[in-house]
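# Structural overview for review
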Amino acid sequence: MGDPVEHSLSPPMHNAAFRQLKLDYVYVPFHVKQGNLSPAMEGARNMGIKGLNLTIPHKIEVIKYLDELQGVAELIGAVNTVKFTENHVVGYNTDGFGAVKAIEEKKPIKGKKIIILGAGGAARAISFQLILNGAGEVLIANRTREKACNLRDELTETSHASVGCLELDNKLARELKDADVLINTTPVGMYPHHNDKPVVTADMMHDNLLVNDIVYNPLETAFLREAGKAGAQVVHGTKMLIYQGLEAFRIWTGVMPPVEVFETVLMRELGY
């Protein structure tokens, strides 16, 4: 459920996995406009729908219609996955899980110094998950320092991890010198603005850095091209999309689908 939702790549991924595993389910997009979430949730419950994903603008409002929040969803205060049982509606957040799993495929984050660009919903989900997974230091860098520091304050309330906030200025270049992971959660470089100049350029990166951009269209963002010039390891945005979807699938069905099914379909849909 979202507004807009027509562009969603989740239906082809989930439906391919249902076919592969011979599960009698179908995943369909519902265009639910802002203000219409209450009747939509009531309808979903009454129709016997087993689960939902929610995207913009419903991830926070949906909490009003749930009986329970699981795990990190409560810390984040946002839900992207809902499971209906006979008398119970439970909310989860798999966004941070997807991003961190994608990073940990290449580098463990326990004890590492991680810098996040942006302080919006995605940064929030990912930073809480990073802390839960044992990150040593998390720095939130944002155009508006106040917004970064507000997120820092919320993170420090719920954990003893070292969390800091800074503006996108010269201090960022200094902090990057000994950073282990850099994550872009801003929409800079997303199609059709794929020629936007990234905030962090190759001269600010180093070859021991792992760089993740959660933007997945285009696959090779300007930000990741800069990382490549610096000899840094890169993690494409498609990985977060795949892993958050796999985890939602598992929550609904109890089955973890093959990652290759999601990956093949997603690359085909994106034209790669």
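### Some words on the overall build of the protein chain
- On a plain count of helices and strands, the protein chain comes out with 10 helices and 10 strands.
- Dimensions of the protein chain, computed from C-alpha atoms along their principal axes, come out at roughly 55 × 40 × 30 Å.
- Counting only residues that meet the buried cut, the protein chain has 50% of its 272 residues in that class.
- Here the contacts in the protein chain between residues at least 6 apart in sequence split such that 67% fall between residues at least 24 apart.
- By element, 50% of the accessible surface of the protein chain is carried by carbon and sulfur atoms, the whole surface being about 12900 Å².

### Let's talk about a positive patch on the surface
- A contiguous patch of positive charge on the surface is contributed by Arg145, Lys171, Arg174 and Lys177.
- Within the fold, arginine 174 resides in helix α7 (residues 170–176).

### Remarks on the side chain of threonine 238
- The residue threonine 238 is located in helix α9 (residues 237–253) in this model.
- The residues contacting threonine 238, other than those within four sequence positions of it, are Tyr216, Leu219, Leu266, Met267 and Leu270.

### Topic: the packing of aromatic side chains
- Within this structure, the stated rule accounts for 4 aromatic pairs.
- Aromatic rings pair up to connect Phe18, Tyr25, Phe249 and Phe262 into one cluster.
- A cation sits over an aromatic face here: lysine 101 above tyrosine 243, 5.3 Å from the ring centre.

### Concerning the nonpolar core
- Counting 54 residues, the largest nonpolar core has Ile114, Ile116, Ile126, Leu130, Ile140 and Ile183 as the members making the most contacts within it.
- Sequence-distant contacts of isoleucine 116, that is, excluding residues within four places in its chain, are made with Ala123, Ile126, Ser127, Leu130, Val138, Leu139, Ile140, Ala141, Ile183 and Thr185.
- Formed by 21 residues, the second largest nonpolar core is a distinct cluster that contains Val200, Met205, Val211 and Phe223.

### Brief notes about the sheet that holds strand β4 (residues 89–92)
- The strand order β1-β3-β4-β2 describes an open sheet built from 4 strands, whose pairing is mixed. Here the strands that pair on one side only, and so sit at the sheet edges, are β1 (51–53) and β2 (68–69).
- Sheet topology note: the β1/strand β3 (residues 81–84) ladder contains 3 bridges and is antiparallel. In the sheet register, asparagine 53 faces β3, and the bridge partner there is threonine 81.

Criteria and thresholds
- Residues numbered from 1 in each chain as written.
- Predicted model: local features only at pLDDT ≥ 70, side-chain atom pairs only at ≥ 80, totals over all residues.
- Heavy atoms only, no water.
- Helix = DSSP H or I, 4+ residues; strand = E, 2+ residues; numbered from the N terminus.
- Buried < 20%, exposed > 50% of the residue type's maximum accessible area, 1.4 Å probe, protein only.
- Contact = heavy atoms within 4.5 Å.
- Areas by Shrake-Rupley, 256 points an atom, 1.4 Å probe, with all protein chains shown as cover.
- Patch = residues over 30% accessible without salt bridge, like charges linked within 9 Å, V, L, I, M, F, W, Y side chains within 5 Å.
- Salt bridge = Lys/Arg side-chain N within 4 Å of Asp/Glu carboxyl O.
- Lys, Arg positive; Asp, Glu negative; His and termini not counted.
- Charge placed at Lys NZ, Arg CZ, Asp CG, Glu CD.
- Phe/Tyr/Trp six-rings, centres within 6.5 Å; stacked < 30°, edge-to-face > 60°.
- Lys NZ or Arg CZ within 6 Å of the ring centre and 35° of its normal.
- Core = buried A, V, L, I, M, F, W, Y, C linked by side-chain atoms within 4.5 Å.
- Pairing = 2+ DSSP bridges.

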